[in-house]
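# Per-entry structural report
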Amino acid sequence: GGRFGGGSGDAGEDGGRSGIIPVVAAPREQIQLTCLAAHPRMPRLVVGIGDGQVAVYHIYRAHGHRRPQLHQTQGFDASRVCGDVATVAYVPENRLAQDGALNNEVMVVGFA
């Protein structure tokens, strides 16, 4: 992690259950942000990037730092190498379900 295109782990980390393919790529000189959404109460946001990738950021004070900073915590090729463009992102204030897969922190991204 830590930069656009940096995955949070290898593809087998969750046994393939998430359906999301982490990306491992070199840093880019420039990127095109296509959508952005922030959680209404918590210090986190989701960013859509022009080539189909999605990055998740959290704001926190890292060990040894005086102030909170923006840190990329996850990056995914959410369009599964199709290059679809993320056009809208939404971070719900509350969990979407009381149990099951949606009883987690969720970020919703739409593609065109």
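Residues numbered from 1 in each chain as written. Predicted model: local features only at pLDDT ≥ 70, side-chain atom pairs only at ≥ 80, totals over all residues. Heavy atoms only, no water.

### With respect to the overall build of the protein
Formally: In this text, helices come from DSSP runs of H or I with a minimum length of four residues, and strands from runs of E with a minimum of two, each type numbered from the N-terminal end. A 1.4 Å probe rolled over the protein chains alone gives each residue an accessible area, and that area as a share of the maximum for its type sets the label: buried under 20%, exposed over 50%, partly exposed in between. Contacts were defined at the residue level, with two residues in contact if any of their heavy atoms lie within 4.5 Å. Each accessible area value is a Shrake-Rupley result obtained with a 1.4 Å probe; residue values ignore everything except the protein chains displayed when judging cover.
On a plain count of helices and strands, the protein comes out with zero helices and seven strands. The helix and strand sequence of the protein, counted from the amino end, reads β-β-β-β-β-β-β. Expressed as a percentage of the 112 residues in the protein, the buried residues total 30%. Taking as baseline every contact in the protein between residues at least 6 positions apart, the subset at least 24 positions apart corresponds to 48%. For the protein, the accessible area works out to roughly 7,400 Å², and carbon and sulfur atoms hold 51% of it.

### Examining the environment of R44
Heads up, the condition is: Think of a polar contact as two N or O atoms within 3.5 Å of one another; within protein, one of them needs to be a possible hydrogen donor and the other a possible acceptor, and neighboring residues in sequence only count if both atoms come from side chains.
With respect to the helices and strands, the residue R44 is situated in strand β3 (residues 44-49). Considering only alpha carbons, one finds R44 and H58, 14 residues apart in sequence, at a separation of 4.3 Å. Sequence-distant contacts of R44, that is, excluding residues within four places in its chain, are made with A38, H39, Y57, H58, E105 and M107. Within polar-contact distance, the side chain of R44 engages the side chain of H58 at 3.5 Å.

### Considering the side chain of Q53
By the element assignment, Q53 lies in strand β4 (residues 53-60). A distance of 3.4 Å separates polar atoms of two side chains, one belonging to Q53 and the other to D51.

### Quick word on the nonpolar core
So the rule is basically this: Here, nonpolar core means buried Ala, Val, Leu, Ile, Met, Phe, Trp, Tyr and Cys residues that are tied together by side-chain atoms lying within 4.5 Å of each other.
With eight residues, the main nonpolar core is built from C35, A37, V46, V54, V56, A86, A89 and V91. Elements supplying a minimum of two residues to this core: β2 (33-38), β4 and β6 (86-90). Excluding residues that lie within four positions of it along the chain, C35 makes contacts with V46, V47, G48, A86, T87, V88 and A89. Counting residues in hydrophobic clusters, the runner-up holds five residues, among them L45, V47, I49 and A55.

### A short note on the environment of N104
Along the chain, N104 falls in the loop between β6 and β7 (108-111). Judged by relative accessible area, which is 40%, N104 ranks as partly exposed. With ten residues separating them in the primary sequence, N104 and N94 have C-alpha atoms 9.1 Å apart. Within polar-contact distance, the side chain of N104 engages the backbone oxygen of A101 at 2.9 Å.

### Here's the deal with the pattern of salt bridges
This is how the line gets drawn: For this analysis, a salt bridge means a side-chain nitrogen from Lys or Arg found within 4 Å of a carboxyl oxygen belonging to Asp or Glu.
This structure, assessed with the given rule, holds two salt bridges. Residue R41 is joined to E93 by a salt bridge in which the shortest nitrogen-to-oxygen separation is 2.7 Å. A residue pair is termed long-range when its members are at least 10 positions apart, and R41 in the loop between β2 and β3 and E93 in the loop between β6 and β7 qualify at 52 residues. Taking the relative accessible area as the measure of exposure, R41 reaches 55% and is therefore exposed. Between E105 and R44 there is a salt bridge, and its shortest N-O distance comes to 2.5 Å. You can see E105 sitting in the loop between β6 and β7 and its partner R44 sitting in strand β3, a full 61 residues away along the chain. Given the relative accessible area of 40%, E105 is considered partly exposed. The class of R44 is buried, set by a relative accessible area of 15%.

Just geometry here; none of it tells us what the structure is for.
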